[in-house]
Structures are given as C-alpha cells and as structure tokens.
Amino acid sequence: MDSAPLLTTRHQQVLQATVRHYVATAEPVGSRALTQEYDLRVSPATVRNTMGWLEKYGFLYQPHPSAGRVPSDWGYRLYVDRLMQSSGKLARQVDTMLSEELGWAGWSLEALLKEATQILAQVTGYLALVTLPQASTALIRHIQLVQVGVGQLLVIVLLDCLSTESILVPLRDWHRPGATDTLGGSQLEMLSNFLTHHLQGRPLLDVAQLDWSALGEDFQRYGVMLGRALEELARRSRLTMSTQLVVSGLAEVLRQPEFADAQHIQAIVRLLEEGQAQLWPLLFEAPPVTPQARPEDVRVWIGTENPIEPMQGCALVVSSYRRQENALGSVGVLGPTRMVYENAVEVVKATADYLSHTLSPGSEAS
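The numbering scheme is per chain: residues are counted from 1 as the chain's sequence reads. Residues qualify for local features only when their pLDDT is at least 70, as the model is predicted, and side-chain atom pairs are given and counted only at 80 or more; totals for whole chains, interfaces and linings, by contrast, use all residues. Based on all heavy atoms of the structure, the side-chain values leave hydrogens and waters out of the count.

Asks: Just to check I follow, could you spell out the overall build of the chain for this structure?
Replies: In DSSP terms, a helix is any run of H or I states spanning at least four residues, a strand is any run of E spanning at least two, and both are numbered starting from the N terminus. The helix and strand tally for the chain stands at twelve helices and ten strands. Note on contacts: a residue pair qualifies if any of its non-hydrogen atoms lie within 4.5 Å across the two residues. Long-range pairs, those at least 24 residues apart, make up 60% of the contacts in the chain with a sequence separation of at least 6. If you sum the accessible surface of the chain, you get close to 17700 Å²; carbon and sulfur atoms cover 48% of it. Using a 1.4 Å probe, the Shrake-Rupley method yields the accessible areas, and only the shown protein chains count as cover for residues.

Rendered as structure tokens:
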C-alpha cells in the first residue's frame with residue numbers, strides 16, 4: 001500500500017487497542033474484547049464497524065472468516081510510526097542494569113558486547129544481535145611495531161573502536177640475500193611514530209596513500225614491507241566483516257508461538273550461521289520510509305519490509321552505537337511481528353546509547 005487513508009481519532013484508538021490486545025494474547029481480536037478491556041467509550045457495534053474499515057484499508061485482516069482480526073504488517077507500521085507510546089522507564093532500568101553488570105574494568109571489547117547481547121535477549125525475550133566494530137570503517141588510533149623472535153616484526157594497529165588488528169612481517173636484509181634484519185628499540189620507536197603520525201585518524205584503507213619518501217634513507221627499504229602488511233590488514237578487515245555478529249537469545253525467542261514451526265526457526269538459524277552477509281543491509285540501513293515515519297535513532301523492519309524470506313514473518317529493531325560521530329556497529333533484536341515494539345525500541349536504544357557512552361572519549365574504555 002503506497003499511502004494511508006486519513007485515520008480519525010477513533011480509527012487510531014481501535015487500531016492501537018487491537019495491536020496491544022493481539023500482542024498480549026496472540027489470539028485474533030474481537031470487538032467485544034476491545035470494548036470490555038479498553039476505555040473506547042463506544043458500543044461493540046461501533047468498534048466492529050471501525051475494525052471493518054481498518055480491514056478494508058489493509059491495517060487488519062481475518063486469519064479465517066469466523067475469527068477476530070489481527071494486525072497486518074501495514075497496521076504494525078502505522079502503530080510504530082504514529083501510535084506507540086514509550087514512558088522511558090524500561091530504558092532507564094536497562095541502562096542501570098548495563099551499568100551495574102557491565103562495568104568496563106577487566107572486560108575486553110568482545111566480552112563486553114557478548115554480555116550486552118545476553119542482557120538484551122534476557123530483557124526483551126527476543127533474539128539479540130550485536131555487530132562487533134568494523135575494522136574496515138574504524139580509524140587508526142596508534143601503530144606499534146614489536147620485534148618477535150629472530151627476523152620477525154609484529155605490526156599492531158589499535159583502532160578507534162578499541163579493537164586491534166595485527167600481522168607478522170618477516171624482516172629481510174635485501175642487501176644480503178638470505179639474511180634477516182634486526183631493528184633496535186629506537187629504530188622500532190621511530191618507525192612506529194612515523195606510521196602513527198601519518199595514519200592516525202585515517203582508515204586502514206588509506207595506507208596506500210602514505211608517502212614513504214618522508215622516511216629517512218636508512219628506513220625507506222622497510223616502506224614496501226610495511227605498506228604491504230598494512231594493505232593486507234585492510235583486505236582482511238573487509239573479508240571478515242560478515243562474520244562479526246554476536247547472537248544471543250535463541251532459547252528466549254523459541255517461547256514465542258510464531259517460532260513453534262521447526263522449519264521457520266531452522267531457516268532463521270541457518271541465516272544467522274551461514275548467511276550473515278545478507279543481514280548487513282538490514283543492520284546498517286533504514287527500511288523503506290513511509291509518509292508517517294518520524295525520524296528516529298532506532299530503525300524498525302516489519303514483516304515483508306524485510307527483503308530476506310526467512311525474516312518476512314519477523315520484526316527487526318536496530319540502532320547504531322557510535323564513537324563520537326562514527327557508527328561502530330549495530331544493536332538489534334529479532335522477534336515476531338507480534339512484538340512489544342515500545343519495549344524493543346526502548347531497550348535497543350538504551351543498549352546502543354550505553355555502548356556509545358562507554359566507547360566515547362573520556363570514558364573508562366577510552
């Protein structure tokens with residue numbers, strides 16, 4: 001449906017009540033249940049007529065003729081964009097929980113994100129997804145060269161997402177074929193400082209633009225060797241992008257009746273295990289914009305808005321965590337379209353904000 005008809009206050013109230021009732025019960029909703037449980041202040045006949053209008057325009061549907069109505073994907077979309085209301089209470093609770101259980105001290109970044117994913121799944125009851133920071137888009141913070149063993153140099157790159165990339169480089173003395181080179185502490189420090197000075201604040205991909213002629217003559221022979229090593233790190237970061245996804249909460253989501261179908265959940269599991277690259281556009285891009293959509297830091301994909309077939313009976317709520325203005329990764333929950341969207345949006349946003357704050361300059365993690 002390209003555009004929504006004008007909904008009156010009554011249409012909105014009945015749609016809102018229908019969504020809430022169906023989310024709570026997982027049973028098709030009838031007009032009498034709505035008049036008994038919600039303060040609509042109209043007769044069951046009026047509610048029934050309003051539900052009929054909402055069905056005519058695609059916001060509700062009947063799973064079979066004798067049943068009540070169920071929200072459609074379009075109905076959920078209108079609810080999320082215009083009708084749902086969040087108190088912020090759950091977001092504050094989640095922020096407190098994350099702060100108390102995930103103090104940075106002693107955590108590696110990957111361990112922190114894994115624990116955050118488990119808490120996200122526990123609180124929402126849905127499948128939680130968190131991407132690790134992407135080295136291909138992160139900026140270089142520091143480069144350190146360390147000689148290890150005989151004739152080997154370890155290049156360590158610290159990125160602004162607080163992850164590290166490293167590679168071993170064989171040292172060869174090209175003036176004496178077959179011999180290996182050694183570097184003293186002051187020489188290693190000089191090369192480390194040179195690389196950090198020229199590449200700090202730039203992505204790994206920028207290594208190809210580095211002017212090695214600025215190195216002193218005695219060190220220029222290391223330029224090709226180090227340049228190739230850093231280019232290899234950049235290539236690896238691109239290749240591994242689709243494998244850096246932390247998943248938690250499969251047991252939680254299996255409690256939802258929509259996932260009782262073994263074939264459905266198997267397709268989701270296969271997607272998470274083997275097809276993570278397909279998820280990347282959903283985790284980092286926005287769904288199609290509707291005229292009613294309000295600008296949000298949280299993105300919501302509902303049902304058939306998902307281009308991936310196994311997810312077309314699901315909803316995905318996603319937000320980005322950042323370091324300053326740079327998006328490092330995404331936080332999301334995947335569940336049925338019969339989702340408590342208010343809670344999912346609050347919890348995802350609170351988790352993303354917590355990670356952004358933890359990874360920001362001046363925090364304990366920085």
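After that view, the rundown keeps rolling.
Asks: Would you mind showing me how to read the nonpolar core here?
Replies: Generally speaking, a soluble globular protein has its nonpolar side chains buried in company with each other. Of all hydrophobic cores here, the largest spans 59 residues; its most connected members are Leu-15, Val-317, Tyr-321 and Tyr-341. If you tally residues by element for this core, the top one is helix α12 (residues 341-358), at nine residues. Buried Ala, Val, Leu, Ile, Met, Phe, Trp, Tyr and Cys residues form a nonpolar core when they are joined through side-chain atoms within 4.5 Å. Per-residue accessibility, obtained with a 1.4 Å probe over protein chains only, is compared with the maximum for each type, and a residue is labelled buried under 20%, exposed over 50%, and partly exposed between these values. Leu-159, Leu-188, Val-207 and Met-225 belong to the second largest nonpolar core, which has 29 residues in total.

Asks: What is the right way to look at the confidence of the model for the chain in this model?
Replies: As a general rule, the predicted coordinates of low-pLDDT regions are not to be interpreted in detail. Averaged over every residue, the pLDDT of the chain is 82; residues scoring 70 or more account for 85%. Low confidence marks residues 174-179, where pLDDT is under 50. Its contacts with residues over four positions away, or in another chain, come to five contacts. Across the chain, each position has a pLDDT score giving the predictor's confidence in that residue, from 0 to 100.

Asks: How should the packing of helix α10 (residues 262-274) against helix α11 (residues 276-284) be read in this particular structure?
Replies: To describe two helices that pack against each other, one gives the angle between their axes and the distance between the axes. Running from N to C, α10 and α11 cross one another at 90°; their axes reach a closest spacing of 6 Å. Here α10 is positioned roughly perpendicular relative to α11, judged by the angle of their axes. From α10, Leu-271, Leu-272 and Glu-274 reach across to α11, where they touch Gln-276, Gln-278 and Leu-279. We call Asp, Glu, Lys and Arg charged. Ala, Val, Leu, Ile, Met, Phe, Trp, Tyr, Cys and Pro are nonpolar, and the rest, Gly among them, are polar. Here the contact of α10 with α11 is built from residues that sort into three nonpolar, two polar and one charged. Throughout, an axis means a line fitted to C-alpha atoms (over the contacting stretch in the case of helices), and angles, computed between N-to-C directions, take values from 0 to 180 degrees. An angle below 35 degrees is read as roughly parallel, one above 145 as roughly antiparallel, one from 65 to 115 as roughly perpendicular, and any other as oblique.

Asks: Teacher, can you tell me more about the sheet that holds strand β5 (residues 152-159) here?
Replies: Each strand in a sheet pairs with its neighbour through backbone hydrogen bonds, running either in the same direction (parallel) or in the opposite one (antiparallel). Two strands are said to pair when DSSP picks up at least two bridges between them. Strands sit in the order β4-β5-β6 across an open sheet of three strands; the sheet is antiparallel. Edge positions in the open sheet fall to β4 (140-147) and β6 (164-170), since each of these has one partner strand only. Neighbour-to-neighbour, the strand axes of this sheet turn through a mean angle of 15°, independent of strand direction. Direction of pairing for β5 relative to β6: antiparallel, over a ladder of seven bridges. The residue of β6 that forms the bridge with Leu-158 is Thr-164. Along the sheet, helix α7 (residues 185-199) makes contact with β4 and β5, crossing β4 at roughly 160°.

Asks: Would you explain α10 in this entry?
Replies: Every α-helix carries 3.6 residues per turn, so stepping three or four residues along brings you back to the same face. To estimate the expected span of a helix, subtract one from its residue number and multiply by 1.5 Å. The end-to-end C-alpha distance of α10, which contains 13 residues, comes to 18 Å, matching closely the 18 Å that a straight helix rising 1.5 Å per residue would cover. Residues of α10 that are buried: His-264, Ile-265, Ala-267, Ile-268, Leu-271 and Leu-272. Buried residues of α10, seen end-on, are gathered within an arc of 155° and therefore sit on one face of the element. Residues of α10 that are exposed and point more than 90 degrees away from the buried face comprise Gln-263, Glu-273 and Glu-274. Backbone nitrogen of Gln-263 and a side-chain oxygen of the N-cap are separated by 3.1 Å at the start of α10; the cap is Asp-261. Directions pointing from the helix axis toward each C-beta atom define the arc. Any pair of nitrogen or oxygen atoms within 3.5 Å is treated as a polar contact; in protein, a donor-acceptor pairing is required on top of that, and neighbouring residues in sequence qualify only through side-chain atoms on both sides.

Asks: Before we go on, may I ask you to explain the packing of helix α5 (residues 89-101) against α12 in this structure?
Replies: Where α5 meets α12, the closest approach of the two axes is 8 Å, and the angle between their N-to-C directions is 40°. Judged by the sense of rotation from one axis to the other, the crossing of α5 with α12 is right-handed. Residue-level inspection shows Lys-89, Leu-90, Ala-91, Val-94, Asp-95, Leu-98 and Ser-99 of α5 in contact with α12, the latter providing Asn-343, Glu-346, Val-347, Ala-350, Thr-351 and Tyr-354. Here the residues of the contact of α5 with α12 sort into seven nonpolar, three polar and three charged. Crossing handedness: left-handed means the near helix sits turned counterclockwise from the far one by under a right angle, and right-handed means the same turn made clockwise.

Asks: What should I look at first to understand the sheet that holds strand β9 (residues 314-323) in this one?
Replies: Strand order across the open sheet formed by five strands is β7-β3-β10-β9-β8, with antiparallel pairing between neighbours. A strand with exactly one partner marks an edge of an open sheet, and here the two such strands are β7 (245-248) and β8 (298-302). Looking at each pair of strands side by side, their axes are set apart by 20° on average, direction ignored. As paired strands, β9 and strand β10 (residues 326-336) are joined by ten bridges and run antiparallel to one another. Within β10, the residue paired with Arg-323 across the bridge is Asn-326.

Asks: Would you mind showing me how to read the pattern of salt bridges here?
Replies: Here the idea is simple: oppositely charged side chains can pair when their charged atoms come close. Note on definitions: salt bridges are taken to be side-chain nitrogens of Lys or Arg within 4 Å of carboxyl oxygens of Asp or Glu. What the rule picks out here adds up to seven salt bridges. Notably, a salt bridge pairs Glu-305 with Arg-77, separated by 2.7 Å at the nearest N-O pair. With Glu-305 in the loop between β8 and β9 and Arg-77 in helix α4 (residues 73-83), this residue pair connects regions lying 228 residues apart in the sequence. One salt bridge connects Asp-297 with Lys-349, and the closest N-O pair in it is separated by 3.6 Å. Of this pair, Asp-297 sits in the loop between α11 and β8 while Lys-349 is found in helix α12, placing the two residues 52 residues apart along the sequence. A single salt-bridge network, built from bridges that share partners, covers Arg-77, Asp-81 and Glu-305.

Asks: Sorry if this is basic, but what is going on with unusual backbone geometry here?
Replies: Peptide bonds are trans in most cases, and residues, glycine excluded, mostly fall at negative phi. Phi is positive for Ala-26, which is not a glycine, with a value near 60°. Note that Ala-26 resides in the loop between α1 (9-25) and α2 (31-37). The exposure class assigned to Ala-26 is partly exposed, which follows from its relative accessible area of 26%. Non-glycine residue Arg-41 carries a positive phi angle of around 60°. As for its position among the elements, Arg-41 is in the loop between α2 and α3 (44-56).

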